[in-house]
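Chain by chain, the residues run as shown.
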Amino acid sequence: MKTIDGGVCAAKGFRAAGVHVGVKTHAAWKKDVALIVSDVRCAAAGMFTKNVVKAAPVRVDMVHLRDGGAWAVIANSGNANACAPQGEENAERMCQAAAKKVGCDPYDVIVSSTGVIGQTLNIQAIENGMDALYSALDASPEASNSAAHAIMTTDTAKKEAAVETEIGGKTVRLGGIAKGSGMIHPNMGTMLCFLTTDCAISPACLQTALREAVRVSFHRISVDGDTSTNDTCVVLANGLAGNAPIEGPGADFNAFVEALTALCVDLARRMASDGEGAKHLITCTVAGARDEAQAETVARSVISSTLTKAAIFGSDANWGRVLCAMGYSGEAFDPDRVDVAFASAAGEIPVCAQGRGLDFDEDLAKKILTEHDVEIRITMGEGSGGCTCWGCDITYDYIKINGDYRT
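For clarity, every value in this text was computed on a predicted model and none was experimentally measured.

A.B. asks: Please clarify how the pattern of salt bridges should be interpreted in this entry.
C.D. replies: Think of it this way: side chains of opposite charge can pair up when their charged atoms draw near. For the structure on display, the rule yields 21 salt bridges. Note that Lys-2 and Glu-164 form a salt bridge whose closest N and O atoms lie 3.7 Å from each other. Residue Lys-2 is located in strand 1 (residues 2–3), and its partner Glu-164 is located in strand 6 (residues 159–167); the two are separated by 162 residues in the primary sequence. With relative accessibility at 48%, the residue Lys-2 sits in the partly exposed group. Where Asp-39 meets Arg-15, a salt bridge forms, and the shortest distance between an N and an O atom there is 3.9 Å. One end of the pair, Asp-39, is in strand 3 (residues 33–48); the other, Arg-15, is in strand 2 (residues 14–19), and 24 residues separate them in sequence. The class of Asp-39 is partly exposed, set by a relative accessible area of 47%. The structure contains a network of salt bridges with shared partners spanning Glu-212, Arg-215, Arg-220, Glu-292, Glu-296 and Arg-300.

What follows is the structure in structure tokens.
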């Protein structure tokens, strides 16, 4: 398996586009609608927010995916179409507008929205812009780049990746674009993620693969503890790679899961790194836990800790906040077995051993924590379980961004 360029256009038979149609009225230079289209109908699978309050596009997509197939994805930024007047009607109108251009059934279109909650979506602008959006479709890396930019809200950088692997003697490609910067928390935070592959795979196997990939990627990131109304992760598989269709467990299925997981982890790390106002990507690696489940719970608690995030922002090796977050995670463990270290490209420094503080070089610790990518390494002494989760620091800019996000 190797990393390649192309995003959602890396796989055979996929085209994409992103244009400005007027949903974002305050920024006429910013793209605000994206379209992804396959040359043929695809097997499709999706995962959505666990928030009880679900946006209209999420409810529509959950119906559209019941038959395990889809042909296209249309998504807008600038308006979440959540808790909004005519929400489901406007989501369906987006599907109908895309379907008319693509030449497919509206039920074969996946729809997503992201932005401000509670405001009526300017569906007319989207419908009026469909000719330009469809005309812009292309299979180039630049087209994927345009689509990636069109779904951004407070993101400061696009999230795009692709991988290539071999399955059944055939070259198979998987690509994706995503958005996510705030309202990010395990169980998929304000994120939209659209994945494409030319692998031939059944809808049931695709859903199983997606569930596993999301479990160890998007379910293991946290920016601010808020789970959105719009979280969506969808994968389309058109089968144009020509491999023997994957219809059950085996080596081919395992290879596909491995590639899909690598892709999702890449995109998840990009989201955590681009948390609203963030200056640091925090990676928390737990080893020596009783099992993977315990390790994940503990790592999630640490990356979600506001005090730990604040300490990293200040480049302060305040390891007590790490141990505190572990203690309220809900997991039972022996604190007197816990070791903690901080690490980055500038080096590694142990700060706690057997639950007790160590004398350490504060200047070296600060140098280590000044790097953009910072790792918190925890050893629990409970067993052989391990897990890695990702988060970011919390800064003054996070408040600035969210204090007047709507106005």
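Moving on from the model shown.
A.B. asks: Which parts of the structure should I look at to understand the packing of aromatic side chains?
C.D. replies: A ring pair, where both rings are aromatic, is described by two values, the distance of the centres and the angle of the planes. Per the stated rule, a full pass over the model turns up one aromatic pair. Taking the centre distance of 5.2 Å and the plane angle of 90 degrees together, the rings of Phe-313 and Tyr-396 count as edge-to-face. Here Tyr-396 lies in helix 12 (residues 396–403) and Phe-313 lies in helix 9 (residues 306–313), a separation of 83 residues in the sequence. Exposure remark for Tyr-396: the relative accessible area of 62% places this residue in the exposed category.

A.B. asks: Help me understand the pairing of strand 6 in this model?
C.D. replies: The two faces of a sheet get side chains in turn, since along a regular strand they alternate between them. Of all nine residues that make up strand 6, eight are buried, and the element is covered over most of its length. Relative to strand 6, strand 1 runs antiparallel, the two being bridged by two bridges. When the sheet's bridge partners are listed, Thr-3 is paired in strand 6 with Val-163. Relative to strand 7 (residues 170–179), strand 6 is paired through nine bridges, and the arrangement is antiparallel.

A.B. asks: I'm lost on the side chain of Ser-113 in this one. Help?
C.D. replies: Topologically, Ser-113 is positioned in strand 5 (residues 109–114). Of the polar contacts made by the side chain of Ser-113, one reaches the side chain of Asn-76; its length is 2.6 Å. The residues touching Ser-113, leaving out its near neighbours within four places in the chain, are Pro-57, Asn-76, Asn-79, Ala-80, Asn-81, Met-94, Leu-192 and Asn-230.

A.B. asks: How should the environment of His-219 be read in this particular structure?
C.D. replies: Within the fold, His-219 resides in the loop between helix 6 (203–215) and strand 9 (221–222). Judged by relative accessible area, which is 9%, His-219 ranks as buried. A sequence separation of 171 residues divides His-219 from Trp-390, and the C-alpha atoms of the two residues are 9.7 Å apart.

A.B. asks: Mind showing me how you'd approach the pairing of strand 10 (residues 232–237) here?
C.D. replies: Within strand 10, six of the six residues are buried, which leaves it mostly tucked inside the rest of the structure. The side-chain alternation of strand 10 yields two buried faces, one formed by Thr-232, Val-234 and Leu-236 and the other by Cys-233, Val-235 and Ala-237. Direction of pairing for strand 3 relative to strand 10: antiparallel, over a ladder of six bridges. If you follow Ala-44 over to strand 10, its bridge partner there is Leu-236.

A.B. asks: Please explain the nonpolar core as it appears in this structure.
C.D. replies: Where a protein is soluble and globular, its nonpolar side chains tend to be buried together. Among the nonpolar cores identified, the biggest contains 42 residues, and Leu-195, Leu-210, Phe-218, Phe-256 and Leu-260 are the most heavily contacted of them. At the level of elements, strand 3, strand 6, strand 7, strand 8 (192–197), helix 6, strand 10 and helix 7 (251–273) are the ones that each hand at least two residues to this core. When residues of this core are assigned to their parent elements, the largest contribution, 13 residues, is made by helix 7.

A.B. asks: Would you explain the packing of helix 9 against helix 10 (residues 319–327) in this entry?
C.D. replies: Geometry of a packed helix pair, given as the angle between the helix axes and the separation of the axes. Where helix 9 contacts helix 10, the two axes come as close as 9 Å, and the packing angle between them is 160 degrees. Put simply, helix 9 runs roughly antiparallel to helix 10. Like other packed secondary-structure pairs, helix 9 and helix 10 cross with a definite hand, here left-handed. Contact residues: Leu-307, Thr-308, Ala-310 and Ala-311 in helix 9; Arg-321, Val-322 and Ala-325 in helix 10.

Conventions and cut-offs
Residues numbered from 1 in each chain as written. Predicted model: local features only at pLDDT ≥ 70, side-chain atom pairs only at ≥ 80, totals over all residues. Heavy atoms only, no water. Salt bridge = Lys/Arg side-chain N within 4 Å of Asp/Glu carboxyl O. Helix = DSSP H or I, 4+ residues; strand = E, 2+ residues; numbered from the N terminus. Buried < 20%, exposed > 50% of the residue type's maximum accessible area, 1.4 Å probe, protein only. Phe/Tyr/Trp six-rings, centres within 6.5 Å; stacked < 30°, edge-to-face > 60°. Pairing = 2+ DSSP bridges. Polar contact = N/O pair within 3.5 Å; in protein donor to acceptor, adjacent residues only side chain to side chain. Contact = heavy atoms within 4.5 Å. Core = buried A, V, L, I, M, F, W, Y, C linked by side-chain atoms within 4.5 Å. Axes fitted to C-alpha atoms, helices over the stretch in contact; angles between N-to-C directions. Parallel < 35°, antiparallel > 145°, perpendicular 65-115°, else oblique. Left-handed = near helix turned anticlockwise from the far one by under 90°.

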